[in-house]
Amino acid sequence: ALGLPLALAIIGGQPERFAPLVDLYKKAAAEAGHDPDQLPVATHSHGFIDDTTEQAAEKFFLPTQAQMNVIGRERGWGPYTRAVYDEARRLRGALYVGDPEYVAEKIVLLRKNLGVDRFFLHVNVGTMPHHEVMHAIELLGTKVAPLVRKELARDET
């Protein structure tokens, strides 16, 4: 029987910094009699997918800034700036914002660094136009997921 899945909410920093938590989870599970290779690991991150990385970055900045400033006030963080946002969009950052190929590349890197079995993308639905959210979801299912599956199949054979 599978143990409880681990789900990490990664909304800042570098995702690979969560690797020690995954290792601890699997070690504790093994000590409790579970097969660590059978334990699911999931992550949840903010992001947005569009036809080009530039479009995605521009459309998602203001909603992300608004959301992060609310969270930041609650947690004592400073204001969320465009520089912070752009850093988080980098390949090793916590935001999954870009075209399908770029987002797929980031998810594959996440798999390699953390052994993630499942990836949840949180698109801000409060301030994003509905048709843009729906387009991002469509791209996730029709472009990103197949690219990730193809790359993982190549790497894991």
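Asker: Just to check I follow, could you spell out the environment of Q38 for this structure?
Answerer: By the secondary structure assignment, Q38 is in the loop between helix 1 (19-31) and strand 2 (41-49). Taking the C-alpha atoms as reference, Q38 lies 9.7 Å from P5; in sequence the two are 33 residues apart.

Asker: When you look at the pattern of salt bridges in this model, what are you seeing that I'm missing?
Answerer: When the charged atoms of two side chains lie near each other, side chains of opposite charge can form a pair. All chains considered together, the criterion is met by 9 salt bridges. D86 is the partner of R82 in a salt bridge, and the nearest nitrogen-oxygen pair spans 3.0 Å. Here R82 pairs with D86, and both are found in helix 3 (residues 82-88), just 4 residues apart, close to one helical turn. The salt bridge involving E87 is made with R90; its shortest N-O contact spans 3.1 Å. One continuous salt-bridge network, built from bridges that share partners, spans E58, R82, D86 and R89.

Asker: Even after reading the chapter, I still don't get the nonpolar core, so can you show me in this structure?
Answerer: Side chains of nonpolar character tend, in soluble globular proteins, to be buried together. If you look at the biggest cluster of nonpolar residues, it comprises 42 residues, and the most contacted ones within it are Y85 and L114. In contact with Y85, other than residues within four places in its own chain, are A56, A57, F60, F61, T64, Y80, L95 and V97.

Asker: Any chance you could explain the packing of aromatic side chains here in plain terms?
Answerer: Each aromatic ring pair is described using two quantities: the centre-to-centre distance and the angle formed by the ring planes. One pass over the structure, following the stated rule, counts 3 aromatic pairs. Over the ring of F61 we find R82, and its NZ or CZ is 5.1 Å from the ring centre. Above the ring of Y96, the side-chain terminus of K106 is found at 4.8 Å from the ring centroid.

Asker: How should I be thinking about the packing of helix 4 (residues 100-114) against helix 5 (residues 130-155) in this particular structure?
Answerer: Two measures define how a pair of helices packs: the angle their axes make with one another and the distance between the axes. Remark: helix 4 packs on helix 5, axes separated minimally by 9 Å, with the N-to-C direction vectors making an angle of 45°. If you check the angle between helix 4 and helix 5, you find them oblique. The handedness of the crossing between helix 4 and helix 5 comes out as right-handed. Across the interface between the two elements, P100, E101, V103, A104, I107, V108, R111 and K112 from helix 4 touch L139, K143, V144, L147, V148, E151, L152 and D155 from helix 5. Split into classes, the residues belonging to the contact of helix 4 with helix 5 amount to 10 nonpolar, no polar and 6 charged.

Asker: Looking at this structure, how should I read helix 4?
Answerer: Each α-helix winds once per 3.6 residues, and so residues spaced three or four apart point in a common direction. Compared with an ideal rise of 1.5 Å per residue, which puts 15 residues at 21 Å, helix 4 spans 21 Å between its outermost C-alpha atoms and is within 8% of the ideal. Residues P100, Y102, V103, A104, K106, I107, V108, L110 and L114 constitute the buried set of helix 4. Its side-chain oxygen 3.2 Å from the backbone nitrogen of E101, D99 forms the N-cap of helix 4.

What counts and what doesn't
- Residues numbered from 1 in each chain as written.
- Predicted model: local features only at pLDDT ≥ 70, side-chain atom pairs only at ≥ 80, totals over all residues.
- Heavy atoms only, no water.
- Helix = DSSP H or I, 4+ residues; strand = E, 2+ residues; numbered from the N terminus.
- Salt bridge = Lys/Arg side-chain N within 4 Å of Asp/Glu carboxyl O.
- Core = buried A, V, L, I, M, F, W, Y, C linked by side-chain atoms within 4.5 Å.
- Buried < 20%, exposed > 50% of the residue type's maximum accessible area, 1.4 Å probe, protein only.
- Contact = heavy atoms within 4.5 Å.
- Phe/Tyr/Trp six-rings, centres within 6.5 Å; stacked < 30°, edge-to-face > 60°.
- Lys NZ or Arg CZ within 6 Å of the ring centre and 35° of its normal.
- Axes fitted to C-alpha atoms, helices over the stretch in contact; angles between N-to-C directions.
- Parallel < 35°, antiparallel > 145°, perpendicular 65-115°, else oblique.
- Left-handed = near helix turned anticlockwise from the far one by under 90°.
- Nonpolar A, V, L, I, M, F, W, Y, C, P; charged D, E, K, R; others polar.
- Expected span 1.5 Å × (residues − 1).
- Polar contact = N/O pair within 3.5 Å; in protein donor to acceptor, adjacent residues only side chain to side chain.

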